[in-house]
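Next come the chains, spelled out residue by residue.
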Amino acid sequence: MKDGYYFQHDYNARFDKKLVKLSMKYPEGKGIGIFWCIVESLYEEKGYLLKTEYERIAFELRTSYEIVKDVIENSDLFKYDDEKFWSESVIERLKIILHI
């Protein structure tokens, strides 16, 4: 995607129960920060990232592989299979943005 794009999200997303639980598990903004950085990366990659990217994501976010994996696989905020992960809401919004 071109530089300068932004992504839409609900203005009250911080009150989503799944995000609140993530904040409780990883306080001081760490969980929420990791979540939104991953979402931003998903937009940059047209909605999907490979699970083999966990280590790179962890490095970029200055956190551990285990935390990245936990946020993606145990927060109920992302979907995943054996190879990749995604966010249903990101996919739906990309369909609008990219006209697909």
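These numbers were taken from a predicted model, which means no experiment stands behind them. (Residues numbered from 1 in each chain as written. Predicted model: local features only at pLDDT ≥ 70, side-chain atom pairs only at ≥ 80, totals over all residues. Heavy atoms only, no water.)

A. Up close: the pattern of salt bridges. For the structure shown, the criterion picks out 6 salt bridges. A salt bridge links Lys-51 to Glu-73, with the shortest nitrogen-to-oxygen separation between them at 3.4 Å. Of this pair, Lys-51 sits in the loop between strand 1 (48-50) and helix 3 (54-61) while Glu-73 sits in helix 4 (residues 65-74), and the two are 22 residues apart along the sequence. A salt bridge links Lys-84 to Asp-81; the nearest nitrogen and oxygen atoms lie 2.8 Å apart. We classify Asp-81 as partly exposed; its relative accessible area is 27%. The structure contains a network of salt bridges with shared partners spanning Glu-53, Arg-56 and Glu-60. (Salt bridge = Lys/Arg side-chain N within 4 Å of Asp/Glu carboxyl O. Helix = DSSP H or I, 4+ residues; strand = E, 2+ residues; numbered from the N terminus. Buried < 20%, exposed > 50% of the residue type's maximum accessible area, 1.4 Å probe, protein only.)

B. Molecular detail of the packing of aromatic side chains. Enumeration over the complete set of coordinates arrives at 6 aromatic pairs. Their ring planes at 55 degrees and their centres at 5.8 Å tell us that Tyr-48 and Trp-86 sit as a pair that is tilted. With Tyr-48 in strand 1 and Trp-86 in strand 3 (residues 84-86), this pair connects stretches of sequence that are 38 residues apart. Accessibility expressed as a relative area gives 38% for Tyr-48, which makes it partly exposed. (Phe/Tyr/Trp six-rings, centres within 6.5 Å; stacked < 30°, edge-to-face > 60°.)

C. Expanded view of the sheet that holds strand 2 (residues 79-80). Read across the open sheet, the 3 strands follow the order 1-3-2; overall the sheet is antiparallel. Whereas interior strands pair on both sides, the edge strands pair on one side only; in this sheet they are strand 1 and strand 2. Strand direction decides the pairing type here: strand 1 and strand 3, joined by 3 bridges, are antiparallel. Looking at the pairing, Leu-49 lines up with Phe-85 of strand 3. (Pairing = 2+ DSSP bridges.)

D. Structural view of helix 2 (residues 30-44). The end-to-end C-alpha distance of helix 2, which contains 15 residues, comes to 21 Å, matching closely the 21 Å that a straight helix rising 1.5 Å per residue would cover. Among the residues of helix 2, those classed as buried are Gly-31, Ile-34, Phe-35, Ile-38, Val-39, Ser-41, Leu-42 and Tyr-43. Contact partners of the buried residues in helix 2: helix 1 (17-25), strand 1, helix 3, helix 4, strand 3 and helix 5 (88-98). Once helix 2 finishes, Lys-46 follows within two positions and takes phi at roughly 60 degrees, a positive value. (Expected span 1.5 Å × (residues − 1). Contact = heavy atoms within 4.5 Å.)

E. Representation of the packing of helix 2 against helix 5 within the structure. For the pair helix 2 and helix 5, the least separation of the axes is 10 Å and the interaxial angle reads 40 degrees. In this view, helix 2 runs oblique relative to helix 5, as classed from their interaxial angle. The crossing of helix 2 and helix 5 is right-handed. Between helix 2 and helix 5, the contacting residues are Val-39, Leu-42 and Tyr-43 on the first element and Ser-89, Val-90, Arg-93, Leu-94 and Ile-97 on the second. (Axes fitted to C-alpha atoms, helices over the stretch in contact; angles between N-to-C directions. Parallel < 35°, antiparallel > 145°, perpendicular 65-115°, else oblique. Left-handed = near helix turned anticlockwise from the far one by under 90°.)

F. Structural context of the packing of helix 1 against helix 2. It is at 7 Å that the axes of helix 1 and helix 2 come closest, and there the two elements cross at 125 degrees. Relative to helix 2, the element helix 1 is oriented oblique. Where helix 1 approaches helix 2, its residues Leu-19, Leu-22 and Ser-23 are matched on the opposing element by Gly-31, Ile-32 and Phe-35. Taken together, the residues that form the contact of helix 1 with helix 2 break down as 4 nonpolar, 2 polar and no charged. (Nonpolar A, V, L, I, M, F, W, Y, C, P; charged D, E, K, R; others polar.)

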